[in-house]
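Spelled out, the chains give:
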Amino acid sequence: MKENTKKKIVKWFWILVMAPFALVLLLLLLVGIFAKIPSFEELEHPDNKLATQVIAENGEVLATFHIENRTYVSYDELSEHLVNAAVATEDARFYKHSGIDMKGLARVLVKTLLMRDSSQGGGSTITQQLAKTLYPRETIRSKFQMVFIKLKEWITAVKIERDYTKEEIVDMYLNSIFFGSSAYGVKAAAETYFAKEPADLTVEEAALLVGMVNKPTRYNPVLNPDLSLERRNFVIGQMEKNGYLTRAERDSIRQIPITLNFQVQDHNAGRAPYFRDMLRRDMNATRPKKSDYEWPEDYAHDSLRWRDDPIYGWLNKNKKADGSAYDLDRDGLRIYTTINYKMQQYAEEAVAEHLGKNLQKSFDRELKSKRNKPFANDVDNKTAELLMNQARRWSDRYRLQHRAGKSDAEILAQFSKPEKMRVFSWNEKGYVDTTMTPDDSIRYYKGILRCGFMAIEPVTGYIKAYVGGPNYRYFKYDNVRQGKRQVGSTIKPFLYTLAMQEGMNPCDRVVNLPQTFVLDNGTVWTPRSTDKQEWIGRTVTLRWGLANSSNNISAFLMKELGPAALVRMIHQMGIQTHLEEVFSLCVGSAEVPVFDMVSAINTFPSHGTYVTPQYVTRITDSDGREIDSFSNQKRDAISEQTAYLMVELMRGVVNEGTGNRLRSVYGLLGEIAGKTGTTNDNSDGWFIGYTPNITAGVWVGGEDRQVHFNSTSLGQGANASLPIWGIWMKKCLADPSIGWSMENDHFLPPSGGALQFNCATDGILLGGYGDDYVGSEGATGVRNEEEEYYFK
């Protein structure tokens, strides 16, 4: 062969060998020049739809707002097993390359192209996989585009390696992965599958999560436990192969079965879901329009909130530095709240314990005797059908099909056809799978008792616990702030406050007789007496009247003071909802949210100062930079002396009146004041109580007023609501981290000196602390059950 020919062959050989590399380099150069490669700032803050965290007062995450349930954690918050498992399985040479593993890539090319072995995968490093998250693959339409994007990923990977440490890269990688079941990032995955923080994961748990990286559905331990176990054990083998485990450890850990604590972290999950929902409503609020309101008072109240409350409408009042709007679901904000995680937990537990283990069972037994379940026997068929039809039209089934153009007849016909469904239950699973008609499911849900609970701290006004219903997944309606229910005798403290402000005192005496009112239409009304017969006609003190929730004494005070003055007093103490100036107000005909009632009663332990409730202290961005901070407003509502008088009067309710079960059943000691309430037909049961440290209120009732207990002994506030308060308080007192001591905490007397009462001598004595009243009526006035009625 001629020398010339040899040289040409060698020349073309090297051209053919080097051409692909030269082409790749040329393409990389062109991509680097003309393609949009992420800047350092973009790499630092990728658009990953970060979940906004709602954070309790001590730093615990209560819940999140999210489209992708993703919350970043730092490298220090990762279990070393997670990092080791990820490196061993996804990129064994991670600490040896600079973004692109040429050795690994060559191995994959040889085995894939020459040996037809596709088991080697794509040879992507952890850094390349991280870069891949910046270029979603669902838009790829051609092989050329795929090559173009792959080259961008390579450049981005090299750039990432240049700008970040290996620890930062693996941290960003683990935060970027989708683990299935709505879990984006390792923090959400650890919470979803194991109810743990990433730092607390064991070797086998870390291996299971890392095994899901490439195929989160196929290797999901909930959907495919056998495949998940097989994949987990493969990862454990890789950890041993790469020196992170010994052979003995590998073999031992592989024998451990998969144990999950699984709960999807969707919008129904997390602590305080009703609170989170209320927070979203408030932050998304728009400027009030008068045309949207039935009553001027409600419009005025919300208008003042828009002006004075920075949280109300925050998302519409504030913009980012670039002028764009904040997005709770994407911006990764951190909202720091006043909620105490433990108090919130105990409140949710108390609701579940009393409603689920006791009260609902009693109500279900009563339902058996009702002709048109769940409605009371005195509810006529027309009213029951009206309520049923209203529920049908409010259902998702109706609204979605109506929007799709189906006729009412077509839609409503479906409500009588049986079908399989999952419905709420107080059993351990929280649901039951059954077959029933949609109409039967409506009746079933109407027969589930609802509740509202809120706790607020005196003086500061910080909301500490908030439960809007029995179960947020199945009952979205917030009975704390959205619902308005008749308040029954919990209105009486406002009436007695007015009496104290007007110069009366707890020892003033009244003859206990029914009172008759002449109404505007010329008819007469006499509130039904709630007192035992032996007390009718006797002279009693005002203190006895409140302790025993006497309608006769309340009616007497209403005659003396008038409904207009009572409405002014109620508004003065913070309740801004519309109230009719009618005589029946004295026995609780008004409809008021739990939120407003508890906030107003909190004026008493706050020494006469009304404190607007506060539930957010500050908001930061995802990097911890403060965006906004908040405080609340305070104003004098009643005098300090009147507030103290009312504290002493309401202590009598607990010590010897309708709230005595806190002592006799729940064994609570120390200074507690409160008031029970029950409305007509036992439709609403209330208890609002307070100590020197906390004010909390509970409402329990049916979704509709026509769904209620027949028995007053079961439906009254002392039985329906007070137990939730008692259970919650006992749990809080047993937790030393909360720091309450009922024996050592006392209501502070007025600055001008304590008021000591001795009703036996009709006197109010200035001087030392008066621990107890001495009542001339004696212990025979104690009553444990309550029965209250108002005029319709």
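Residues numbered from 1 in each chain as written. Predicted model: local features only at pLDDT ≥ 70, side-chain atom pairs only at ≥ 80, totals over all residues. Heavy atoms only, no water.

**Student:** How should I be thinking about the overall build of the protein chain in this particular structure?
**Tutor:** Across its full length, the protein chain carries 29 helices and 24 strands. For the protein chain, buried positions account for 53% of its 792 residues. (Helix = DSSP H or I, 4+ residues; strand = E, 2+ residues; numbered from the N terminus. Buried < 20%, exposed > 50% of the residue type's maximum accessible area, 1.4 Å probe, protein only.)

**Student:** Help me out: how do you make sense of the packing of helix H20 (residues 492-501) against helix H23 (residues 563-572) in this one?
**Tutor:** Helix-helix packing: each pair is described by the crossing angle between the helix axes and the interaxial distance. Across the interface, H20 lies against H23 with an axial gap of 9 Å and an inter-helix angle of 100°. In terms of their interaxial angle, H20 and H23 are classed as roughly perpendicular. In contact with Phe494, Leu495, Thr497, Leu498 and Gln501 of H20, H23 contributes Ala565, Leu566, Met569, Ile570 and Gln572. Here the residues of the contact of H20 with H23 sort into seven nonpolar, three polar and no charged. (Axes fitted to C-alpha atoms, helices over the stretch in contact; angles between N-to-C directions. Parallel < 35°, antiparallel > 145°, perpendicular 65-115°, else oblique. Contact = heavy atoms within 4.5 Å. Nonpolar A, V, L, I, M, F, W, Y, C, P; charged D, E, K, R; others polar.)

**Student:** Explain the side chain of Thr642 to me, please; I cannot follow it from the model alone.
**Tutor:** On the secondary structure map, Thr642 appears in helix H25 (residues 640-656). Beyond its immediate stretch of four places on either side in the chain, Thr642 contacts Thr497, Met500 and Gln501.

**Student:** Sorry if this is basic, but what is going on with unusual backbone geometry here?
**Tutor:** Trans is the common state for peptide bonds, and a negative phi is the common state for residues other than glycine. In this structure, the amide linkage connecting Lys373 to the following residue, Pro374, adopts the cis form with an omega of 0°. For Ala195, which is not glycine, the phi dihedral falls at a positive 55°. Mapping Ala195 onto the fold places it in the loop between helix H8 (186-194) and helix H9 (203-211). Backbone geometry places Asp681, a non-glycine residue, at a positive phi of 65°. Along the chain, Asp681 turns up in the loop between strand E20 (673-678) and strand E21 (684-690).

**Student:** So what exactly am I meant to see when it comes to the environment of Pro506 here?
**Tutor:** By the element assignment, Pro506 lies in the loop between H20 and strand E11 (509-511). Among the residues examined, Pro506 registers a relative accessible area of 0% and is labelled buried. Each C-alpha atom of the pair Pro506 and Met646 lies 8.7 Å from the other, and the pair is 140 residues apart in sequence.

**Student:** What's the story with the environment of Leu733 in this structure? I'm lost.
**Tutor:** Assignment of secondary structure puts Leu733 in helix H29 (residues 722-734). Spatially, the C-alpha atoms of Leu733 and Leu668 are 9.4 Å apart, while their sequence positions differ by 65 residues.

**Student:** Mind showing me how you'd approach the packing of aromatic side chains here?
**Tutor:** Two aromatic rings, taken as a pair, are described by how far apart their centres are and by the angle between their planes. One pass over the structure, following the stated rule, counts 23 aromatic pairs. For the pair Phe604 and Tyr690, a centre-to-centre distance of 6.4 Å together with 35° between the ring planes defines the contact as tilted. Placement of Phe604 in the loop between helix H24 (594-601) and strand E16 (609-611) and of Tyr690 in strand E21 is noted, with a sequence separation of 86 residues between them. Taken together, Phe424, Trp426, Tyr444, Tyr445, Tyr474 and Phe475 form an aromatic cluster joined through their ring pairs. In this structure, Arg397 packs its charged tip against the face of Phe415, placed 5.8 Å from the ring centre. Positioned over the ring face of Phe595 is Arg481, at 3.8 Å from the centre of the ring. (Phe/Tyr/Trp six-rings, centres within 6.5 Å; stacked < 30°, edge-to-face > 60°. Lys NZ or Arg CZ within 6 Å of the ring centre and 35° of its normal.)

**Student:** Mind showing me how you'd approach the confidence of the model for the protein chain here?
**Tutor:** Regions with low pLDDT should not have their predicted coordinates read in detail. Chain-level statistics for the protein chain give a pLDDT mean of 86 and a share of 84% at 70 or above. For residues 117-121, every residue scores under 50 in pLDDT, and the model assigns this stretch seven contacts once sequence neighbours within four places are set aside. Within the model, pLDDT remains below 50 along residues 761-792, and this stretch shows 121 contacts once partners closer than five positions in the same chain are excluded. (pLDDT = per-residue confidence, 0-100.)

**Student:** What is the right way to look at the pattern of salt bridges in this model?
**Tutor:** Side-chain pairing between opposite charges can occur once the charged atoms of the two side chains come close. Applying the stated criterion across every chain yields a total of 36 salt bridges. For the salt bridge of Arg307 with Asp308, the shortest nitrogen-to-oxygen distance reads 2.8 Å. Here Arg485 ties to Asp684 by a salt bridge, and the two come within 2.8 Å at their closest N and O atoms. With Arg485 in strand E10 (residues 485-486) and Asp684 in strand E21, this residue pair connects regions lying 199 residues apart in the sequence. Residues Arg485 and Asp684 agree in their burial class; the two are buried. (Salt bridge = Lys/Arg side-chain N within 4 Å of Asp/Glu carboxyl O.)

**Student:** Just checking my understanding: could you explain the sheet that holds strand E5 (residues 334-337) for this structure?
**Tutor:** Sheets are built from strands paired through backbone hydrogen bonds, the pairs being either parallel or antiparallel. Taken in spatial order, the five strands of this open sheet run E2-E1-E5-E17-E18, and their pairing is mixed. Each end of this open sheet is capped by a strand with a single partner; those strands are strand E2 (61-65) and strand E18 (626-629). Each strand of the sheet is rotated relative to its neighbour by a mean of 20°, with strand direction disregarded. Sheet analysis places strand E17 (residues 616-620) next to E18, joined by three bridges and oriented antiparallel. (Pairing = 2+ DSSP bridges.)

**Student:** Can you walk me through the sheet that holds strand E8 (residues 450-456) in this structure?
**Tutor:** Strand order across the open sheet formed by five strands is E9-E8-E22-E21-E20, with antiparallel pairing between neighbours. Each of the sheet's edge strands pairs with one partner strand only, and the pair in question is strand E9 (463-467) and E20. Direction aside, the axes of adjacent strands within the sheet are offset by 5° on average. Judged from the seven bridges that link them, E21 and strand E22 (residues 695-701) form a sheet pairing that is antiparallel. Paired with Phe687 across the bridge in E22 is Val698.

**Student:** Could you clarify how one ought to interpret the environment of Asp282 in this entry?
**Tutor:** In this structure, Asp282 sits in helix H12 (residues 273-284). Discounting chain neighbours no more than four positions away, the residues touching Asp282 are Arg305, Ile311, Tyr312, Gly313, Trp314, Arg481 and Tyr615. There is a polar contact of 2.2 Å between the side chain of Asp282 and the side chain of Tyr615. (Polar contact = N/O pair within 3.5 Å; in protein donor to acceptor, adjacent residues only side chain to side chain.)

**Student:** Would you explain the nonpolar core in this entry?
**Tutor:** The nonpolar side chains of a soluble globular protein tend to be buried, and buried together. Among the nonpolar cores identified, the biggest contains 94 residues, and Met283, Tyr466, Phe494, Phe604 and Ile619 are the most heavily contacted of them. In terms of residue count, the dominant contributor to this core is H25 (seven residues). Excluding residues that lie within four positions of it along the chain, Phe494 makes contacts with Leu566, Met569, Ile570, Met573, Ile575, Met597, Ala600 and Ile601. (Core = buried A, V, L, I, M, F, W, Y, C linked by side-chain atoms within 4.5 Å.)

**Student:** What should I look at first to understand the pairing of E2 in this one?
**Tutor:** For a regular strand, side chains alternate in direction, first toward one face of the sheet and then toward the other. Counting buried positions along E2 gives four out of five residues, so the element sits mostly inside the fold. The sheet contact formed by strand E1 (residues 52-55) and E2 spans four bridges and is antiparallel. Bridging from a neighbouring strand, Val54 pairs with Ala63 of E2. Between the end of E1 and the start of E2, which pair antiparallel, lie five residues, with Gly59 showing a positive phi angle near 100°.

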